[in-house]
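Observations on the three-dimensional arrangement
Here's the letter readout for the chains.
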Amino acid sequence: EIQQIVRETFHLVLKRDDNICNFLEGGSLIGGSDYKLIYRHYATLYFVFCVDSSESELGILDLIQVFVETLDKCFENVCELDLIFHMDKVHYILQEVVMGGMVLETNMNEIVAQIEAQNRLEKSEGGLSAAPARAVSAVKNINLPEIPRNINIGDLNIKVPNLSQFV
Amino acid sequence: MALKMVKGSIDRMFDKNLQDLVRGIRNHKEDEAKYISQCIDEIKQELKQDNIAVKANAVCKLTYLQMLGYDISWAAFNIIEVMSASKFTFKRIGYLAASQSFHEGTDVIMLTTNQIRKDLSSPSQYDTGVALTGLSCFVTPDLARDLANDIMTLMSHTKPYIRKKAVLIMYKVFLKYPESLRPAFPRLKEKLEDPDPGVQSAAVNVICELARRNPKNYLSLAPLFFKLMTSSTNNWVLIKIIKLFGALTPLEPRLGKKLIEPLTNLIHSTSAMSLLYECVNTVIAVLISLSSGMPNHSASIQLCVQKLRILIEDSDQNLKYLGLLAMSKILKTHPKSVQSHKDLILQCLDDKDESIRLRALDLLYGMVSKKNLMEIVKKLMTHVDKAEGTTYRDELLTKIIDICSQSNYQHITNFEWYISILVELTRLEGTRHGHLIAAQMLDVAIRVKAIRKFAVSQMSALLDNAHLVASSTQRNGICEVLYAAAWICGEFSEHLQEPQHTLEAMLRPKVTTLPGHIQAVYVQNVVKLYASILQQKEQVADMEEAQAVTQLMVDRLPQFVQSADLEVQERASCILQLVKHVQKLQAKAVPVAEEVSALFAGELNPVAPKAQKKVPVPEGLDLDAWINEPLSDSESEDEKPKAMFHEEEQRQAKHRLPEVDEEELARRREARKQEQANNPFYIKSSPSPQKRYQDAPGVEHIPVVQIDLSVPLKVPGLPLSDQYVRLEEERRHRQRLEKDKRRKKRRDKEKKGKRRHGSLPTESDEDIAPAQQVDIVTEEMPENALPSDEDDKDPNDPYRALDIDLDKPLADSEKLPVQKHRNSENAKSPEKEDVPVVEKKSKKPKKKEKKHKEKEREKEKKKEKERKKPSKHKKKHKKEKEERPKDKKRSRKKLPGSEEAPGEPMQNGALEEGPLPPMSSYSLLAENSYIKMTYGVQGSLQDSQVTVSIILENLSSSVLKSMELSVLDSLNTRMARPEGSSVHDGVPVPFQLPPGVSNEAQFVFTVQSIVMAQKLKGTLSFIAKDDEGATQEKLDFKLHFSCSSYLTTTPCYSDAFAKLLESGDLSMSSIRVDGISMSFQNLLTKICFHHHFSVVERVDSCASMYSRSIQGHHVCLLVKKGENSVSVDGKCSDATLLSNMLEEMKATLATC
């Protein structure tokens, strides 16, 4: 059912022009009129947040900006491939911004500092798998037109369930 | 060679990591499902391996697959395994997987309680952080209850990173376990003034979330927030606070007055649009709350509307949208100030953005008046034509209907216009709102009597053109309007111009392609129509025509009899028989019209939807009791009042059974009428069944309606609503001239004393009188209906449970369950039984309590009762807030550390036999007149560390602050100090203690060798400050680390246990203790609790137990119970540890 939500959300968002507003009224899809979809569009990426009325709409737009800039810092010039292949890291970063559906931290420097500290800790433990440096070869096999779709489905997935847990 | 093999196996193990999986999926686009199922099989293999790294990798991949929509609930247990890994890398993966895949139905979730508790108290802030993050996603009522206290403690953690997470997660805990709100609230409030902005914003966030649901309980915080608002510079916090004020002001208008000034200042000064917008929003809320009291805020309104206009005119669509949103709020109370911006809003209707158009539509809803309704609707109609995409068009359609029908059609001056609008709407293609239009048609036709004639003519045209409607939009619901059209034409057939024509239209073969329920209505109304045609024909004595109509019926009805729809079929065959009977009578030249029309005598009144519910049950009436004995069916049927058919029955009876006594009939009729009059459930139909249908369609009900024919009633063909707009203007002009005259006329009519049912439109509204003098029939309600509207509230709202008064001092019963001390508290004050009192006090019964939990509670209750008997001290229930914690702690003090009982009774399967004395792992550390310290030691599997939790309790009347704990490190044991401090520095305690308050601080020690018990000397220094001044005080203590405190409870399976014993590299030792009277079960529980063992297997009075030290020593025990002695054989990888361990155990057992 989450997949369904993500897919429909994606189609809703995708057909919207860039020059129209970034809010979508909540329908039955996301749990009623108290909820809104707020999204931002970066090149081939959409970042969609689903929030209830206790959040400020413009504030959430800023938050998305913070999130994206944080991603950018953590991945050093983030691109969709980073997000596809490092979904777990994206989750960890998101968890520093939003926790259990509530905004945790909005200060980007603080977020980046915490992420880096955790990465250092992980490194000191030897990481998950020290070996494979095959990521480079991955790039060749990618079918470019498909990219946005994949990312969006993935990306949305982490947000929609998280934030709708507000209920 | 060997190296190669190892390398190969490692390669295989890490054959696929997450990146490989993702890549693989992308390379297998065409057979993705197959590829993934292959991957899942691999993952299953990986999960079977012992290597935690492999497992973690597998779980990591599973998380990704879960995101793609695959079910991974089967791996829940493996996820927990990875969560309990000691390395942060793996732990993080485990928690991520859990947060994505666990939900309340996950049954293994209860196994995580202890793991999470351990992680929460971990010395590494990131372990704690990751546990908090994970918990926030899958917290259940059970977890919330068990962990609430641990999280509370973390709210005063030294690291702001932990503090802010702990604060934030409290909201989730409150939601799941509302009882925790009151005990936790003081600390939450404290965090509003935390020095760290992140923590502060988290606290604001939580309180705003809480207050949004139940604002009235948080009014007392308003001054605090006011201070924050004027001092804070963090826009996030400001926005939250301002939003909160928006929720509070409706409850406290005085607050609103205070707010206006700082808010307007902010509006003028801030450059952040988000803040500006929220300020405007809150000002609006304030104004709404004030609107009743003071009208003098027009300046503020002007300011808001002005700012909003700027927003709406902005090229940024987001601002435009929000501006419209806010505007609609103002509209509710100050419609005048918005109406002046009508131009702007109509302009927004042309916007390319659907969201904006929808918002603009909402605004229009509130802006219409009698004057502009037609104009606005006309505009909307043009949009309907232009609109692309059915959703938006449907939205427009519903909006048009909403706008027109709002508050009982208050704005409609010309119903003919409205009917033609509705008819025009039926030409929309592909709408899903056919039923809506149909409902409107029915409603208007029934309630606006003057319009019936016009409506009928329109509807018959519609029926005539049914093929247009039905064929173009077969599946899309617009054919629903035929339902309405058929009914209206049938019910008000006396207004039909050419009834026969309509009849034919309704009997066309094409009709059978319509949905069943519509056909059913067709069939029913064909008869009504037929009845009225018969009536007409017989009046002019045109028998041939009448027979022809009957023949038509007999010819055409069979097509309905063949319908697949049961309802249609049944009605059709019934009516067919009736018509055939009529035909026979007609053949004998018997006049039948009267009787056939009598079938449909009576007037339908609209009944309010809630009317039935509102009827109070009369006293003494038992609705469930049999009215008659169940068998006498026939009689009770007879009592059901069905006026329409009774009349018919009686008539028939007259014809066929002339022997029935006239008087008897009259008497029965009278009785029935009486009954009906007294029966509140009876929906009154037409008042006089004696009157005949054709000459009295509910005459008494209808005021004589003057149909003002200033507009030609018959518009040929399908009408265009535009014509009406023009006509209406002309009419209004004429009206103005005639006004005086007409007023006089009407007054005359009123003198005649006819009562009017509904709200007559008055001339006050901009002096526009309606075209038809309209009698809007209000919906009927039973006379003694209850006015309350309780039924609107949803009893299942999860937030209602959080509607808790926070200003009341804490009651004794309201404590967070502290797992380890729960029993000891209860022992001291037996009336304060945790469970029962909470149950009584809590306003809402707990939602879902698992059964076994209840059982456990019951056991506890039993125990408590048993304990209650001997100890007779009664406590005063009402205690001051301040006194309470002291009391709680004192109870702890009186417990010698040796008195013990099960900490986790469930886990060790104890509790079947006799009661256990309460126990606590906390023992007294030191005490003087100021302060008392109790402590407990917990080992953690990480880096040979132990955590010492010290509860500091202020016994004095002074405030204790600047507390510092310094410990003389030994070579073996060192206290972990913040970076950069020297060995001799103390560690500050992260809180202050007001009088009577206690709090818990945690300190971490690293230990080198754990085979021997250790003692450390230390000093607590602090400043005691009271009214007279401050004094520097200190308190010496000795920390005792027993060997047991280095053990951690680790479960072990019996086969692994057997392997361990067989391996032969364990040294052995044993002890024997005599004079033991305690039951074996309790004995085991004690060992488990105090020495951190877990039971591996138990056979009769013999049990094997296992534990592990923080440095990885295995300790195995075999405990045997004799008559009144116990022998313990131990095996351990370190002999010294074992013998010391057994010595400690001996001491414990000696007290049994």
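In this report, the structure presented in the accompanying data block is examined.

About the criteria used
- Residues numbered from 1 in each chain as written.
- Chains lettered and ligands numbered in written order.
- Predicted model: local features only at pLDDT ≥ 70, side-chain atom pairs only at ≥ 80, totals over all residues.
- Heavy atoms only, no water.
- Patch = residues over 30% accessible without salt bridge, like charges linked within 9 Å, V, L, I, M, F, W, Y side chains within 5 Å.
- Areas by Shrake-Rupley, 256 points an atom, 1.4 Å probe, with all protein chains shown as cover.
- Salt bridge = Lys/Arg side-chain N within 4 Å of Asp/Glu carboxyl O.
- Helix = DSSP H or I, 4+ residues; strand = E, 2+ residues; numbered from the N terminus.
- Phe/Tyr/Trp six-rings, centres within 6.5 Å; stacked < 30°, edge-to-face > 60°.
- Buried < 20%, exposed > 50% of the residue type's maximum accessible area, 1.4 Å probe, protein only.
- Contact = heavy atoms within 4.5 Å.
- Pairing = 2+ DSSP bridges.
- Axes fitted to C-alpha atoms, helices over the stretch in contact; angles between N-to-C directions.

1. Here we look at a nonpolar patch on the surface
Among the surface-exposed residues, Phe77, Met110, Leu111 and Tyr1053 of chain B lie close enough to one another that they form a single nonpolar patch of about 440 Å² accessible area. Inspection of the secondary structure puts methionine 110 of chain B in the loop between helix H6 (88-101) and helix H7 (113-120).

2. Structural notes on the packing of aromatic side chains
Residue and element names in this part refer to chain B. All chains considered together, the criterion is met by eleven aromatic pairs over all chains. With 6.4 Å between their ring centres and 35° between their planes, tryptophan 417 and tyrosine 418 make a pair best called tilted. The burial state of tryptophan 417 is the same as that of tyrosine 418; both residues are buried. Taken together, a centroid distance of 5.4 Å and an interplanar angle of 65° make the contact between phenylalanine 1005 and phenylalanine 1041 edge-to-face. Here phenylalanine 1041 lies in strand E9 (residues 1029-1041) and phenylalanine 1005 lies in strand E7 (residues 998-1007), a separation of 36 residues in the sequence. Each of the two residues, phenylalanine 1005 as well as phenylalanine 1041, counts as buried.

3. Observations regarding the side chain of arginine 359 of chain B
Along the chain, arginine 359 of chain B turns up in helix H21 (residues 354-367). Taking relative accessible area as the criterion, arginine 359 of chain B reaches 10% and is therefore assigned buried. In this view, arginine 359 of chain B contacts Glu25 of chain A together with Tyr321, Leu324 and Leu325 of chain B; residues no more than four positions away in its chain are not counted.

4. Some remarks on the sheet that holds strand E6 (residues 987-988) of chain B
Strand order in the open sheet formed by four strands is E6-E4-E8-E9 (chain B), with antiparallel pairing between adjacent strands. Strand pairing shows two members of the sheet lacking a second neighbour, E6 and E9 of chain B, which therefore form its edges.

5. A few points about the sheet that holds strand E2 (residues 35-42) of chain A
All names here are of chain A. As summarised here, the arrangement of the three strands in space is E1-E2-E3, forming an open sheet in which the pairing is antiparallel. Either end of the sheet is taken by a strand with one partner, and the two such strands are strand E1 (23-25) and strand E3 (45-52). The mean angle between the axes of side-by-side strands here comes to 25°, regardless of whether they run parallel or antiparallel. Bridging between E1 and E2 involves three bridges; their strand directions are antiparallel. Each residue of the ladder has a partner; that of phenylalanine 23, found in E2, is isoleucine 38. Contacts from helix H1 (residues 2-14) reach E1, E2 and E3 within the one sheet, and its direction differs from that of E3 by about 115°.

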